[in-house]
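So you can see what is in the structure, the chains are spelled out below.
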Amino acid sequence: MSTEEASIDVIAVPLAEIEPNPDQPRKFFDEVKLEELAAQFRSVGQLQPIVVRPAGDKFQIVMGERRWRAMHLVEGATTIEAKIVTSVDDEKAFVMGISENIGRADMTLMEEAQAYADLIGFGYKAEGIADMFGKTPDYVKWRMDLLNLTTDIAELVTAGKIKADFAWYLSRLSPANQKAAVTRYMKGDFRTETDASHFAQALRMKENQEGFFSEKELSEKEKEDKAKERKQVRGKVDQVERAGALLEELAQLTPTELAELFEGEVGKQLDAVERVRRAAAESVKKLRKAKAMSEAKRLTVRPELEVEPEAVESGDGETEPEPVEGDLEDAAEGLEVAA
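Basis of the calculations
Residues numbered from 1 in each chain as written. Predicted model: local features only at pLDDT ≥ 70, side-chain atom pairs only at ≥ 80, totals over all residues. Heavy atoms only, no water. Axes fitted to C-alpha atoms, helices over the stretch in contact; angles between N-to-C directions. Helix = DSSP H or I, 4+ residues; strand = E, 2+ residues; numbered from the N terminus. Parallel < 35°, antiparallel > 145°, perpendicular 65-115°, else oblique. Left-handed = near helix turned anticlockwise from the far one by under 90°. Contact = heavy atoms within 4.5 Å. Nonpolar A, V, L, I, M, F, W, Y, C, P; charged D, E, K, R; others polar. Phe/Tyr/Trp six-rings, centres within 6.5 Å; stacked < 30°, edge-to-face > 60°. Lys NZ or Arg CZ within 6 Å of the ring centre and 35° of its normal.

Enquirer: What's the story with the packing of helix H7 (residues 151–158) against helix H9 (residues 175–187) in this structure? I'm lost.
Expert: Relative orientation and spacing of two packed helices are given, respectively, by the angle between their axes and the distance between those axes. Two elements in contact, H7 and H9, have axes whose closest approach is 10 Å; the angle formed by their N-to-C orientations is 40°. The orientation of H7 with respect to H9, classified from their angle, is oblique. Both H7 and H9 take part in a crossing whose hand is left-handed. Mapping the contact onto sequence places Asp152, Ile153 and Leu156 in H7 and Gln178, Lys179, Val182 and Met186 in H9. Residue classes in the contact of H7 with H9 are distributed as 4 nonpolar, 1 polar and 2 charged.

Enquirer: Any chance you could explain the packing of aromatic side chains here in plain terms?
Expert: Between two aromatic rings, the relevant description is the distance of the centres plus the angle of the planes. Evaluated as defined, the whole model comprises 5 aromatic pairs. Relative to Tyr185, the ring of Phe166 has its centre 4.5 Å away and its plane inclined at 25°; by these criteria the two rings are stacked. Of this pair, Phe166 sits in helix H8 (residues 164–171) while Tyr185 is found in helix H9, placing the two residues 19 residues apart along the sequence. What links up through ring pairs into an aromatic cluster is the set Trp142, Trp168 and Tyr169. Between Arg184 and the ring centre of Phe199, over which it is positioned, the NZ or CZ distance is 4.7 Å.

Take a look at the structure:
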């Protein structure tokens, strides 16, 4: 629904005669950014009118609540430029409000999730919502999954203390496991966002008793075979450590020294080390997942765990993008275990 489809007039409307829409999808307004916008109004004036509709003896905001709030901070301001639309019902007003806010950096993840859920309540399908806002149906569904978070954890997401990808994996867990994972996260137990997400995935597998978490009882023969396999793998890890020590020695040499040592075979040696690097990267990836599974298996969940919102944020500064379709398809199929 575009405003051009309605009857529109632009006038200066008294601020006191305008009220916000109680169904506005955005609930959080950054005070610092509001002051920045107010400073812009003081300097160059209002460049874009807000959109309102008649509501009894007042007007209700359809689009532009942030501008309306900022204008209240401008000393002496009593009016604001507004487009008055006269053929916008509650549903159209809500959709227009979401259209204005979706994609803005200061709209929180939880607000976006609730906005999509409200549209579902109006009878929209995920596919239609996706087309409306240039998203994919899966993206819309993933965002709405966040509404499964417990209230205290949702507050941490809103405050930006938990990022989108980890939040989504948390949303698929029971409330007790959500709190268990977030308690560790806020204590800084995970080196990276990826490690935190792996741990949440592992807890999900534990809940579903999948793979590594199966309670199947091994036969004596299977136990013996497993013990032999474990011993062999540990022996190979010892060899990896020796190879790593050799590579560390190579890393201490200068390019000139390496060129002299491997004269005529530098390319061959480079290819060999490159193969090791690729294999090591893949092994690290799988071992990180395996570590998360092992930690999840040992975890005893205490449902009464409390999450401290003011705890120190986890991680070492590494940030990860929120889940994309390929990542989440892989997660849905389950974690791979290192061979």
